[in-house]
Amino acid sequence: MSRSAFDTAVIGGGLHGLSAALHLARAGRRVVLVEQNWVGRHASGATAAGVRTLGRDLAEVPISLESMEMWHRIEAIVGDHCGFHSYGQLRVAEFTAHLPSLEKRLETMHQQGYGHEEIIDRAELLKLVPAIAPHCVGALIARRDGAADPHRALRAFRRSCEGAGVVIHEGCGVTAIDRRGSDWHIRAGEQEITVPVIVNAAGAWAARLAALVGDDIPLGLKASMMIVTERLAPLLKPVVSVVGRSLSFKQSDQGTLVIGGGLQGRADIDAQKSAVDFTELAKGARAATDLFPSVKDVRITRSWAGIEAKTKDLLPVIGPSPNASGVFHAFGFSGHGFQLVPVVGSIIADLVVSGKTQRHISPFSAERLMTTRAAA
Ligand SMILES: Cc1cc2nc3c(=O)[nH]c(=O)nc-3n(C[C@H](O)[C@H](O)[C@H](O)COP(=O)(O)OP(=O)(O)OC[C@H]3O[C@@H](n4cnc5c(N)ncnc54)[C@H](O)[C@@H]3O)c2cc1C
């Protein structure tokens, strides 16, 4: 591919790569996206797709709230509702001893001027989620939160990208990136691409891509697991998590229960494979039946684990490379990047097109992680 064909290359065909590509193309860039497997092969195709502002790290709250507004008008952005419903997300206190942590969180949010989280008592909890175990005493709620359908979202973002002129090459893993004057020369399978701008949205493999341009960014790995059950009659609408346990519990439009919460399986980054750890997974099933006793005889139909990068402080890396001009990073979403997809693409487009953004992104700098390693 000659330089004249494209001016920006996005590496990684997950939702963050697609969102960056879409916003860049709409801002007038000529974008090529390269994906080593197929679009949605990794975290974005394995995700629980919770759209959650509830309980976010304070540094993430402003961009998470902006992203939530974007989810509420997602059809206008990508031409499809992406299966997004806003029935709220709740963090349940099973026992009174769990309430102080929720009250403290609420106080912090109010001190910071945020009003999107509230505490509800047992009566309102039972009204919103009648199937919940009666011993639960209350919850923290974000009423505008919800969940989406990840595969529908992937199709919609892809369609929008292609409609905006993004060229997508699948089966093209990037193996080399070299400087050619002020440009970058990328080798990706059969493709040779020369561009001045690269967006690194390579998920679990992003540190390897960063290393190719001289950024040594330490990243850990997650292999979060999911359970899906047979279809049930309508049981609940909000997404439920619980203090002190790894549980995220919701029901899909099709009636299946979708159960996650961050329990970890095994990941092999070189083989690009992940595996379920059934002993760990049983803890999630136990938490689900403790909180929702009526599902104890429901059959599990599928389980899986998805690979994703995590950072030391569980905040993403969003911003320019410290060492390589023209390279921008968007990765390390540490298990909660689905909700941030619309806004991060817009931030990356800002940075590429105008060199700055109005969003507060300094907590997400690559430097914060690189300094730690240098000091170690
Ligand atoms: C089981 C599970 C449940 C989750 N639940 C939630 C949730 O409820 N809410 C939430 O907000 N988030 C959730 N997340 C996190 C969220 O799904 C991720 O943060 C998000 O999907 C990350 O998207 P991405 O595009 O950065 O990464 P990915 O989707 O992994 O995309 C990165 C892509 O880069 C490609 N790539 C890598 N190296 C190269 C290379 N050299 N050349 C070309 N391509 C390359 C990969 O093949 C991959 O397709 C969950 C994640 C998992 C795994």
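The structure displayed is predicted, hence computed values, not measured ones.

Rules of the game
- Residues numbered from 1 in each chain as written.
- Predicted model: local features only at pLDDT ≥ 70, side-chain atom pairs only at ≥ 80, totals over all residues.
- Heavy atoms only, no water.
- Near = heavy atom within 4 Å.
- Polar contact = N/O pair within 3.5 Å; in protein donor to acceptor, adjacent residues only side chain to side chain.
- Areas by Shrake-Rupley, 256 points an atom, 1.4 Å probe, with all protein chains shown as cover.
- Helix = DSSP H or I, 4+ residues; strand = E, 2+ residues; numbered from the N terminus.
- Nonpolar A, V, L, I, M, F, W, Y, C, P; charged D, E, K, R; others polar.
- Domains from an automatic or database assignment.
- Core = buried A, V, L, I, M, F, W, Y, C linked by side-chain atoms within 4.5 Å.
- Buried < 20%, exposed > 50% of the residue type's maximum accessible area, 1.4 Å probe, protein only.
- Contact = heavy atoms within 4.5 Å.
- Phe/Tyr/Trp six-rings, centres within 6.5 Å; stacked < 30°, edge-to-face > 60°.
- Lys NZ or Arg CZ within 6 Å of the ring centre and 35° of its normal.
- Pairing = 2+ DSSP bridges.
- Axes fitted to C-alpha atoms, helices over the stretch in contact; angles between N-to-C directions.
- Lys, Arg positive; Asp, Glu negative; His and termini not counted.
- Salt bridge = Lys/Arg side-chain N within 4 Å of Asp/Glu carboxyl O.
- Buried area = accessible area lost by both parts, 1.4 Å probe.

S.K.: Residue-level account of the site of the ligand, with values.
M.R.: If you check the shell around the ligand, you find 37 residues, and the closest are E35, S44, G50, V174 and E308. The separation between an oxygen atom of the ligand and a polar side-chain atom of N37 is 3.5 Å. In the environment of the ligand, an oxygen atom lies 2.6 Å from a nitrogen or oxygen atom belonging to the side chain of S44. Here the ligand has 1000 Å² of accessible area as a free molecule, and 95% of this is covered by the chains. Breaking the shell around the ligand down by element, the ones donating at least two residues are α1 (15-26), β2 (31-35), α2 (43-46), β13 (220-231) and β19 (300-310). Top contributing element to the shell around the ligand by residue count: α2, with three residues. Tallied by class, the residues present in the shell around the ligand amount to 16 nonpolar, 18 polar and three charged. Both domains that meet at the shell around the ligand, namely domain 1 (3-49 + 151-216 + 312-375) and domain 2 (89-143 + 220-310), each give it at least three residues.

S.K.: Just give me the short version of the nonpolar core, but keep the residues and values in it.
M.R.: Counting residues in hydrophobic clusters, the biggest one holds 50 residues, and the most contacted among them are L18 and I348. Among the secondary structure elements, those contributing two or more residues to this core are α1, β2, α3 (61-72), α4 (74-78), α7 (150-163), β12 (197-200), β21 (327-331) and α10 (341-354). The element contributing the most residues to this core is α10, with eight residues. When neighbours within four sequence positions are excluded, L18 is seen to be in contact with G12, L33, V39, L154, F157, R158, C161 and I168. By size, the runner-up hydrophobic cluster in this structure holds 30 residues, among which are C136, I141, A288 and F292.

S.K.: Give me the packing of aromatic side chains: which residues, what numbers.
M.R.: This structure, assessed with the given rule, holds three aromatic pairs. A centroid spacing of 5.8 Å and a plane angle of 35° characterise the contact between W71 and F84, whose relative ring orientation is tilted. You can see W71 sitting in helix α3 and its partner F84 sitting in the loop between α4 and β4 (89-93), a full 13 residues away along the chain. Three or more aromatic residues joined by ring pairs form one cluster here, namely W71, F84 and F338. The ring of W184 has R179 lying over it, and the distance from NZ or CZ to the ring centre is 3.9 Å.

S.K.: Please give an account of the sheet that holds β12 that cites residues and values.
M.R.: Taken together, six strands build an open sheet; the order of strands is β8-β2-β1-β12-β21-β20 and the sheet is mixed. The sheet terminates laterally at β8 (167-170) and β20 (317-320), the two strands that pair on one side only. Taking the axes of each pair of neighbouring strands and ignoring which way they run, one obtains an average angle of 15° across the sheet. As defined by bridge partners, β20 adjoins β21 across four bridges and the pair is classed as antiparallel. Looking at the pairing, V317 lines up with F331 of β21. Strands β12, β20 and β21 of the sheet are contacted by α10, whose axis makes an angle of about 170° with β21.

S.K.: Explain the sheet that holds strand β15 (residues 248-251) residue by residue, including any values.
M.R.: Pairing between the strands of a sheet comes from backbone hydrogen bonds, and it takes one of two forms, parallel or antiparallel. Spatially, eight strands are ordered β5-β6-β4-β14-β15-β16-β13-β19 in an open sheet, and the strand pairing comes out mixed. Two strands in the sheet have a free side with no partner beyond their single neighbour: β5 (118-121) and β19. In this sheet, neighbouring strand axes are inclined to one another by 25° on average, regardless of whether the strands run parallel or antiparallel. Sheet topology note: the β13/strand β16 (residues 256-260) ladder contains three bridges and is antiparallel. Across the sheet, R231 pairs through a bridge with T256, a residue of β16. Running at roughly 50° to β13, helix α9 (residues 278-291) makes contact with β4, β13, β14 (239-242), β15, β16 and β19 of the sheet.

S.K.: Lay out the side chain of D145 with the relevant residues and their values.
M.R.: Turning to its location among the elements, D145 is positioned in the loop between β6 (138-142) and β7 (146-147). Of the side chains bearing the opposite charge, R52 lies closest to the buried D145, which forms no salt bridge; the N-O distance is 6.3 Å. If we skip the residues at most four places from it in the chain, D145 touches V51, R52, T53, L54, M68, H85, S86, Y87, G88 and Q89.

S.K.: Got a sec to walk through unusual backbone geometry? Specific residues and values, please.
M.R.: Within the chain, L314 stands out as a residue other than glycine whose phi angle is a positive 60°. Within the secondary structure, L314 is located in the loop between β19 and β20. Notably, S334 is not glycine yet its phi reads approximately 55°, a positive angle. You can see S334 is positioned in the loop between β21 and α10. Overall, S334 belongs to the buried group, its relative accessible area being 4%.

S.K.: Report on the domain arrangement of the chain, specifying residues and quantitative values.
M.R.: Assigned domains of the chain: these are domain 1 (3-49 + 151-216 + 312-375) and domain 2 (89-143 + 220-310). For the pair domain 1 and domain 2, the summed buried surface comes to about 1300 Å²; carbon and sulfur atoms form 52% of the total. At the boundary of domain 1 with domain 2, the tally comes to one salt bridge. Between the two partners, domain 1 and domain 2, sit nine residue pairs in polar contact (both at pLDDT 80 or more). Residues of the side of domain 1 that touches domain 2, tallied by class, amount to eight nonpolar, eight polar and three charged.

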